[in-house]
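An overview of the molecular structure
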Amino acid sequence: MPSAIRYLPFAICYLPFAIRHLPSAIRYLPSAMRYDLTRLPLVKPLLKSRWPQFGLTALALGGFVLAIVAGLVGTPVGNRNFGIGFVWIAWWALLMLVAVPFFGRGWCSICPIPAPGEWLQRGAILKPQGRGLGLRRRWPNRLRNIWLQNIAFALVALFSAVVLTQPSITALVLAAFLFVALGVSLVFERRAFCRYLCPVGGFIGLYAQLAPVEIRVKDPALCAAHTTKTCYTGSADGYGCPWQVFPGSLIKNTYCGLCVECLRTCPHDNIALNLRAFGADLAAPAGRRLDEAFKAFVMLGSALVYSAVMLGPWGALKAAAYGVGSPAWFLYAAVFLLLIFVLLPGLFWIAVSLVSLVVTHASASAVRSDARQRVTQKQLFIALAYALVPLGLAAWIAFSLSFVFANLSYLWPVLSDPLGWGWNLFGTAQAAWTPYLTGVTPALQTIVLLVGLAWSSASAYQIANEQLLGQSGRLPYNQQSGRLLYNQQSGRLPHRHVGQAAGLSLPVAAFGFLVTLILLGLLIA
């Protein structure tokens, strides 16, 4: 607790600064600036070649299979089993601390889970060679959303305490992922499992909106004039988009798996791999949906629960989470589901509703009445929920810092003795457990959470401006960048809109501040 007391005042003092100054700073970021990485000499040949991608996928698949085998036949002691060490320490650290923040869906491009099914579906491992297996049915229209992914993640999270610690349960979960992906690939077209079912892919897609890389077309007009659309339908050089996305209409990273098949199939060299500003997708008003908004609450609430269960001091809570099937576990499951699907979204809805009513009545002359009628309460709730995405990622990074640094040293004996059978392949089987960076982890977590709070506050302010001005048509959008066109001379919004935007962004800032305080208490205390 003393360390928590040392850092909490920084968060308390931070809220006024975040609301007043940092949100307005986002207007001056060079968010529309992009650099096409395929212009670099070696990048395009590496991306067009299938061997690097296949090699990484095969390596990941080997580790995946070994994790399943180790979980089934290896030692039942979690911290001595490769299944636990490889998946929940090494892979999780790389995913949450490196891959998702910096490469978005980069992991999806080499994920081993859909690989066997995809190879059977295509009838080839590398380039197209003919018709493969499977029925190739379309995914049902009413299920073309991520509600199933939200439910799947919640179900996995309910059992996470035992999944993260018992090798046999980890093996069964991984095997289930593999066989479900295989079955879906043989029934439905392309990567339907990844797009609509995978619980990991769901949250990666949500946070991929913040990543500084993207796949986009260079010239939309050239793409529109190309009638055959080989980037979507495929050609002799590559497959049609496995994610069922047409690159010409791609406006955000959520459903782009970075597989670069479009780069291989485009005959006009019109596909770019851009380096861009962090969080560029949050400013694109198109494509916001309720299922994605709820994903933000599911992930934020799960980070709170994970932090309390895995790192908190409450023995009764830990016992309930581990006691699957017991009355205490059912109570824990009910509270968890209530938190992520009802309580957090409900509180946010109430806050947005109250503030929007006050702001609308206090400054009704600032926006035309027809604009106010077009912006419904549901639209405002969905739009502002996207501002929570940066804080959600920050919460998971902060949690992962504690979890990974405390357990990273378990990897060294596991690498030498993956099954716990007394091997010593690399001479590290007897390496003692040693937590790393314990002195600086609280400071790192505080910085990460405060950056996430600032980012969410800034995004909320920008989204509020968009709702007030973009809907009224007073400030049109740049269709290519997805950004509002501000006064080019002053670089500012009209003064009469500033108060409204600050008011509408207040629920996000206050909501995020409360969540940040709770996380700081859980993680640092």
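Everything below is about the structure printed above this text.
All of the points below concern the structure found in this document. (Residues numbered from 1 in each chain as written. Predicted model: local features only at pLDDT ≥ 70, side-chain atom pairs only at ≥ 80, totals over all residues. Heavy atoms only, no water.)

**Comments concerning the sheet that holds strand β1 (residues 35-36)**
- Taking strand neighbours across the sheet as the criterion, the 3 strands line up as β1-β5-β2 in an open arrangement whose pairing is antiparallel. Each end of this open sheet is capped by a strand with a single partner; those strands are β1 and β2 (213-217).
- With 2 bridges joining them, β1 and strand β5 (residues 271-275) adopt antiparallel strand pairing. Within β5, the residue paired with D36 across the bridge is N274. (Pairing = 2+ DSSP bridges. Helix = DSSP H or I, 4+ residues; strand = E, 2+ residues; numbered from the N terminus.)

**A short note on the packing of aromatic side chains**
- Applying the stated rule across the entire model yields 29 aromatic pairs.
- Each ring, one from F102 and one from F278, has its centre 6.1 Å from the other, and the planes form 75 degrees; the classification is edge-to-face. Of this pair, F102 sits in helix α5 (residues 82-103) while F278 sits in the loop between β5 and α15 (290-311), placing them 176 residues apart in sequence.
- Looking at F102, the relative accessible area reads 40%, which means it is partly exposed.
- Taking the relative accessible area as the measure of exposure, F278 reaches 44% and is therefore partly exposed.
- Here the aromatic cluster, defined as three or more aromatic residues joined through ring pairs, consists of W88, W91, W92, W107, F153, F203, Y306, W396, F399 and F403.
- Geometry around Y239 places R122 over its ring, the cationic atom sitting 3.7 Å from the centre.
- R190 extends its terminal NZ or CZ atom over the ring of Y232, reaching a point 4.5 Å from the ring centre. (Phe/Tyr/Trp six-rings, centres within 6.5 Å; stacked < 30°, edge-to-face > 60°. Buried < 20%, exposed > 50% of the residue type's maximum accessible area, 1.4 Å probe, protein only. Lys NZ or Arg CZ within 6 Å of the ring centre and 35° of its normal.)

**Quick word on unusual backbone geometry**
- In this structure, Q244 is a non-glycine residue whose phi angle is positive, near 60 degrees.
- One can find Q244 in the loop between β4 (238-239) and α14 (261-265).
- Overall, Q244 belongs to the buried group, its relative accessible area being 11%.
- In this structure, L437 is a non-glycine residue whose phi angle is positive, near 55 degrees.

**Overview of helix α6 (residues 115-122)**
- Taking burial as the measure, the 8 residues of α6 include 6 buried ones, the bulk of the element.
- Here α6 has its buried residues at A115, G117, E118, W119, Q121 and R122.
- Remark: G123 follows α6 within two positions and exhibits a positive phi of approximately 70 degrees.

**Notes on the pairing of β2**
- Here β2 lies mainly inside the structure; 5 of its 5 residues are buried.
- Burial along β2 is two-sided: V213, I215 and V217 and E214 and R216, pointing in opposite directions, are all buried.
- Pairing analysis gives 5 bridges linking β2 to β5, with the strands arranged antiparallel. Opposite E214, over in β5, you have N274 as the bridge partner.

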